[in-house]
Amino acid sequence: MAVSTGNVDRKEFLMRLLKVELKRILKTRLTVILLSAALLLSFLLAWLPVTFSLNSYIDTEGKTVTLKGLPSIAYEKQLQADIAGTVTSEKVRAALEEYQACLSRYGVDTSYDLPDGVYESEILPYAPLLHGIREAFADPNTGVAPGMMEIVPEKVDDYYSVCGERIVSLMKQEQKDHPAARQAAVDSYNQVEKPYQFFPGYSTNAMDYEIFLAFFIVLFCTVIAAPLFTSDYQTGADDIFRCTKYGKTKFACIKILAAFLICGTAYCLCAAVYILVSNSLWGWECTGTSMQMLYSIINLPDWNIGQLQNFVAVSGLLSLLAVVSLTAFLSSRFRNIAACLSTALLFCIMPIIIYMALPKEAGLWIYSILPASAVSLQTSILYAAADFNFWNIGSAAIWLPHVMLCAYAVEIPLFAGLAVYSYAKYRTK
């Protein structure tokens, strides 16, 4: 199909206009500083959780040797090499029996009462297999977890059946008045691949810091996007742009697209750097660990750590674009950059404020649909994925992470469209 010369010229002009807008934003000193800081933070925050790893042992001379950082991780991997791989019921039972035998041998009721060095030498090699065993055998009526010495080893032979029963009893407590949510949780857990997989060395701190990084990037990109329209209002440049052929709707679309491209690309680069550096430090084999072996033993997603990392990264990107879209809308309405920026930043921290200030049920309904909720620490989509919260609407139940993702999918075009409309209809005073 032939394309008219005028149409080609228009497309070429709009592309040049987009390039000019990209250069304008990228050449801003503050933008360069913030994007550079975000990249540096990607390396720093990937490294910091590694420094938290701490192990110790008593050497042949009876001296306590303390290991930190990478040496500690390497030591832990070596110590737990025999339990790496598939977490079978037989392995869990053997670990429980060894644990109970160790405590009986020293005449104590908990591992905290063991003599110095005993936990590290006798229990640490299989300790990850005991993760979640008390949760699995919690009282179905009260939810109170038994002591490790109270669990009968023979019952562990049906470990994954016990976990299946536990999700049923837990949801009866968590979603007492919502049978649809209970059934949805049970159905999701039944789809989780079992037995679980475990590879030593990884820590949930690394996942938390992925959220920290996303939160900082969202704040930085909010600062970058705030002057999108407001700066032209303040300088009077907007009066000139509006007199041109493409100075209203098309120009607004170009500016918003430029903000999306810059902020989205920056986020993708920083998230990729973080994941690559983090996994290289902890060991790529750790990404094969089942989510249930690090969080709740009955988590609903059928994900390993690598899949969880990717889910958090993609969710963070959608949340970022929703925040940038909202900031663009605010920028189209405010004449003052400081007022626009302070309002946009308030929306960034609003999920945290609502989480702390409102009752759980009311707060959950509100913060889950705010643009920045996926990266706002306590309300993050990481914690939502590890929790058992649902939106209950009549006879329907929607898992909270799905609610959040749907909200971003609506907010991105909604606020962007409102920004374009608002800018096109804006009248200078």
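Predicted, not measured: the structure shown is a model, and the values here were computed from it.

Caption draft 1: Representation of the overall build of the chain within the structure. For the chain, the count of helices and strands is 17 helices and 6 strands. Dimensions of the chain, computed from C-alpha atoms along their principal axes, come out at roughly 85 × 55 × 50 Å. Each of the 429 residues in the chain was classed as buried or not, and the buried ones make up 50%. When contacts within the chain are restricted to residue pairs at least 6 apart in sequence, long-range pairs at least 24 apart make up 73% of them.

Caption draft 2: Region of the structure containing the nonpolar core. Counting 129 residues, the largest nonpolar core has I133, Y159, F229 and I256 as the members making the most contacts within it. Apart from the residues within four sequence positions on either side, I256 is in contact with L228, F229, A328, A416, A419 and V420. The next biggest cluster of nonpolar side chains, apart from the first, holds 6 residues, and it includes A226, L330, C340 and A344.

Caption draft 3: Summary view of helix α15 (residues 360-367). Three or more residues of α15 are buried, namely G363, L364 and Y367. Seen along its axis, α15 keeps its buried residues to an arc of 100°; they face one direction.

Caption draft 4: Examining the pattern of salt bridges more closely. For the structure on display, the rule yields 8 salt bridges. A salt bridge links K255 to E21; the shortest N-O distance between them is 3.3 Å. You can see K255 sitting in helix α12 (residues 249-282) and its partner E21 sitting in helix α1 (residues 5-26), a full 234 residues away along the chain. Assessed through its relative accessible area of 4%, E21 is described here as buried. Ionic pairing is found between K77 and E285, a salt bridge with its closest N-O pair at 2.8 Å. Highlighted residues: K77 in helix α3 (residues 70-79) and E285 in the loop between α12 and α13 (305-333), separated in sequence by 208 residues. Residues joined in a network through salt bridges with shared partners are R93, E97, E154 and D157.

Cut-offs applied
- Residues numbered from 1 in each chain as written.
- Predicted model: local features only at pLDDT ≥ 70, side-chain atom pairs only at ≥ 80, totals over all residues.
- Heavy atoms only, no water.
- Helix = DSSP H or I, 4+ residues; strand = E, 2+ residues; numbered from the N terminus.
- Buried < 20%, exposed > 50% of the residue type's maximum accessible area, 1.4 Å probe, protein only.
- Contact = heavy atoms within 4.5 Å.
- Core = buried A, V, L, I, M, F, W, Y, C linked by side-chain atoms within 4.5 Å.
- Arc of directions from axis to C-beta.
- Salt bridge = Lys/Arg side-chain N within 4 Å of Asp/Glu carboxyl O.

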